[in-house]
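Residues per chain, in single letters:
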Amino acid sequence: MPTIDFAAFRDPDLVRALVARIRTTLGNRTLNLMEVCGTHTVSIGRYGFRSILPAGLHLLSGPGCPVCVTANADIDHAVALARVPGAIITTFGDMIRVPGSTSSLAAEKAAGRDVRVVYSPLDAVALAAATPEREVIFMGVGFETTAPAIAASILEAEAQGLANFSVFCVHKTTPAALRAIADDPETAIDGFILPGHVSTITGLAPYRFLVDEFGIPGVVTGFEPVDVLEGIARLVELACSGTPAIENAYRRGVPDQGNPVAQKLTAQVLEPCDAPWRGLGELPASGLAIREEFAHLDAARRFPVEVEPTREHAGCRCGDVLRGIIPPTSCPLFGRACTPENPVGPCMVSSEGSCAAYYRFRD
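Everything quoted here is computed from the prediction, not taken from an experiment.

Here we come to the overall build of the protein. Scanning the protein from terminus to terminus reveals 17 helices and 12 strands. Principal-axis analysis of the C-alpha atoms places the extent of the protein at approximately 65 × 50 × 40 Å. By the burial criterion, 55% of the 363 residues in the protein qualify as buried. Sequence-distant contacts in the protein: of pairs separated by 6 or more residues, those separated by 24 or more amount to 77%.

Taken in spatial order, the four strands make up an open sheet running β4-β3-β5-β6, and their pairing is parallel. Of all strands in the sheet, those bounded by a partner on one side alone are β4 (114–117) and β6 (165–169). Shown here is a sheet whose adjacent strand axes are inclined to one another by a mean of 25°, direction ignored. Docked against the sheet, helix α5 (residues 72–82) engages β3 (87–91), β4, β5 (135–140) and β6, running at close to 160° with respect to β6. Helix-sheet contacts for helix α9 (residues 147–160) involve β5 and β6, and the interaxial angle to β6 is about 155°.

At their nearest, the axes of helix α8 (residues 121–130) and α9 sit 8 Å apart, and the two run at 20° to each other. Relative to α9, α8 is oriented roughly parallel. Helix-helix and strand crossings are classified by hand; for α8 and α9 the assignment is right-handed. Contacts from Pro121, Leu122, Val125 and Ala129 of α8 reach α9 at Ala149, Ile150, Ala152, Ser153, Glu156, Ala157 and Gln160. Along the lines of polarity and charge, the residues of the contact of α8 with α9 split into eight nonpolar, two polar and one charged.

Further remarks concern the confidence of the model for the protein. Of the residues in the protein, 99% have a pLDDT of 70 or more, and the chain-wide mean is 94. Within the protein, β6 carries the highest mean pLDDT (98), whereas helix α6 (residues 93–96) carries the lowest (88).

Relative to the elements of secondary structure, valine 269 occurs in helix α14 (residues 260–269). Given the relative accessible area of 0%, valine 269 is considered buried. On a C-alpha basis, the gap between valine 269 and valine 220 in space is 27 Å, while along the polypeptide they are 49 residues apart. Apart from the residues lying within four places of it in its own chain, the contact partners of valine 269 are Ala151, Ile154, Leu155, Ala289, Ile290, Arg291 and Phe294.

Turning next to the pattern of salt bridges. In the structure shown here, the tally under the stated rule is 24 salt bridges. Residues glutamate 108 and arginine 113 are paired through a salt bridge, measuring 3.4 Å at the closest nitrogen-oxygen approach. Across the pair aspartate 184 and arginine 323 runs a salt bridge whose closest N-O atoms are separated by 2.8 Å. Here aspartate 184, found in the loop between α10 (174–182) and β8 (191–194), pairs with arginine 323, found in the loop between α16 (318–322) and α17 (354–360); they are 139 residues apart in sequence, far enough to count as distant. For aspartate 184, a relative accessible area of 13% puts it in the buried group. Residue classification places arginine 323 among the buried positions, given a relative accessible area of 12%.

Turning our eyes to something else, we now look at the state of the cysteines. All chains considered together, the criterion is met by one disulfide. A sulfur-sulfur separation of 2.2 Å characterises the disulfide bridge that pairs cysteine 318 with cysteine 347. Because the torsion about its S-S bond is 70°, the bridge between cysteine 318 and cysteine 347 counts as right-handed. Residue cysteine 318 is found in helix α16, and its partner cysteine 347 is found in the loop between α16 and α17; the two are separated by 29 residues along the sequence. We note that cysteine 318, like cysteine 347, is buried.

Read from one edge of the open sheet, five strands run β2-β1-β8-β9-β10, paired in parallel fashion. The two strands at the open ends of the sheet, each matched to only one other strand, are β2 (57–61) and β10 (246–248). Neighbouring strand axes in the sheet, compared pairwise and without regard to direction, differ in orientation by 20° on average. Two elements, strand β1 (residues 31–35) and β2, share five bridges in a ladder whose sense is parallel. Bridge pairing in β2 places leucine 33 opposite leucine 59. Along the sheet, helix α13 (residues 225–241) makes contact with β1, β2, β8, β9 (218–220) and β10, crossing β1 at roughly 135°.

Turning our attention to the nonpolar core. By size, the foremost hydrophobic cluster in this structure holds 66 residues, and its most contacted members are Phe192, Leu194 and Leu210. The element contributing the most residues to this core is α10, with five residues. For leucine 194, the contacting residues outside a window of four places in its chain are Val36, His40, Leu178, Tyr207, Leu210, Gly218, Val219, Val220, Thr221 and Ile246. The next biggest cluster of nonpolar side chains, apart from the first, holds 24 residues, and it includes Val19, Ile44, Val226 and Ala249.

Let's shift gears to the packing of aromatic side chains. What the rule picks out here adds up to six aromatic pairs. Ring centres 5.8 Å apart and planes at 40° place the aromatic pair tyrosine 47 and phenylalanine 49 in the tilted group. Exposure remark for tyrosine 47: the relative accessible area of 24% places this residue in the partly exposed category. According to the relative accessible area criterion, phenylalanine 49 is buried, its value standing at 2%. Ring centres of phenylalanine 223 and tyrosine 250 lie 6.0 Å apart, and the angle between their planes is 85°; on these two criteria the pair is classed as edge-to-face. With phenylalanine 223 in the loop between β9 and α13 and tyrosine 250 in the loop between β10 and α14, the pair connects residues that are 27 residues apart, well separated along the chain. Assessed through its relative accessible area of 11%, phenylalanine 223 is described here as buried. Above the face of the phenylalanine 209 ring, arginine 179 is positioned so that its terminal group lies 4.3 Å from the ring centre.

The rules we used
Residues numbered from 1 in each chain as written. Predicted model: local features only at pLDDT ≥ 70, side-chain atom pairs only at ≥ 80, totals over all residues. Heavy atoms only, no water. Helix = DSSP H or I, 4+ residues; strand = E, 2+ residues; numbered from the N terminus. Buried < 20%, exposed > 50% of the residue type's maximum accessible area, 1.4 Å probe, protein only. Contact = heavy atoms within 4.5 Å. Pairing = 2+ DSSP bridges. Axes fitted to C-alpha atoms, helices over the stretch in contact; angles between N-to-C directions. Parallel < 35°, antiparallel > 145°, perpendicular 65-115°, else oblique. Left-handed = near helix turned anticlockwise from the far one by under 90°. Nonpolar A, V, L, I, M, F, W, Y, C, P; charged D, E, K, R; others polar. pLDDT = per-residue confidence, 0-100. Salt bridge = Lys/Arg side-chain N within 4 Å of Asp/Glu carboxyl O. Disulfide = S-S within 2.5 Å. Core = buried A, V, L, I, M, F, W, Y, C linked by side-chain atoms within 4.5 Å. Phe/Tyr/Trp six-rings, centres within 6.5 Å; stacked < 30°, edge-to-face > 60°. Lys NZ or Arg CZ within 6 Å of the ring centre and 35° of its normal.

If you want it as structure tokens, here you go:
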């Protein structure tokens, strides 16, 4: 396999040429482009692109952070599972600090519950094997990128015959959120910067509806400066020419057909289900549920816990940020009551959250 010279993707001359290309193509027009990947939001902030691109080009952050789109009700459910006597709750680091209605997994840990950070769901499987006297629950969040790992952990636990391992699966799939935003009368999106990580699994086919049903173009791109600007340049050209299409500007990472092996693995264990999204509400067939044949490994069915009534945090506009209705800086709590050290909403918790990125890379 040929070696990739990543320095070329940070070449200042290429960056300047791409910015000039975008300016020339856009002219005096105004366009709203939405990036639907948290890593793109971070890249755009880190490289200061909003300050060097034309004023008429608005880059809006969308529902691309899996921690951020997790609904309060799901966090409350995880908190209830943490209170199951003798249970060990495992999940990824960002998820622990996300506030639910009245508590969080971090608060439960401080209160004496056994809450642990793992780097992979397979780590949770290993923990279950090492502690057969304890119930080990993994809270699975993410999009299509991490779903295969969840499926693999369930199959591994099944193969090992682990009776003390289960998954609380709140995974979501990207196309449903894009459809909701494209169909939202409060948004006016002229093009989508499509997620590179998700697309390595899904390929391009799931995005075709954007063109067929809404006439909105989309471009899959990577995360280096030249990647992001090339994706934006192509998207501006598509939008300005009125020829919507789905294009792949990240061929070194994304095959057009995605990863069929990962797709098959996910489908073997998980199936589509309706799911609540923060800011978007209940979206049909937008989540992934554990199939009936693996129900004994489904924490939601295995532990019928009582979940407290859900309430939203006063003043937090994380949901509107995720819909692209407002930028993070328009939330009245941003940088005041809500900071990365004291987050009110999940968009300020995750390293890929829009509010956290805006706060970190603010002027």
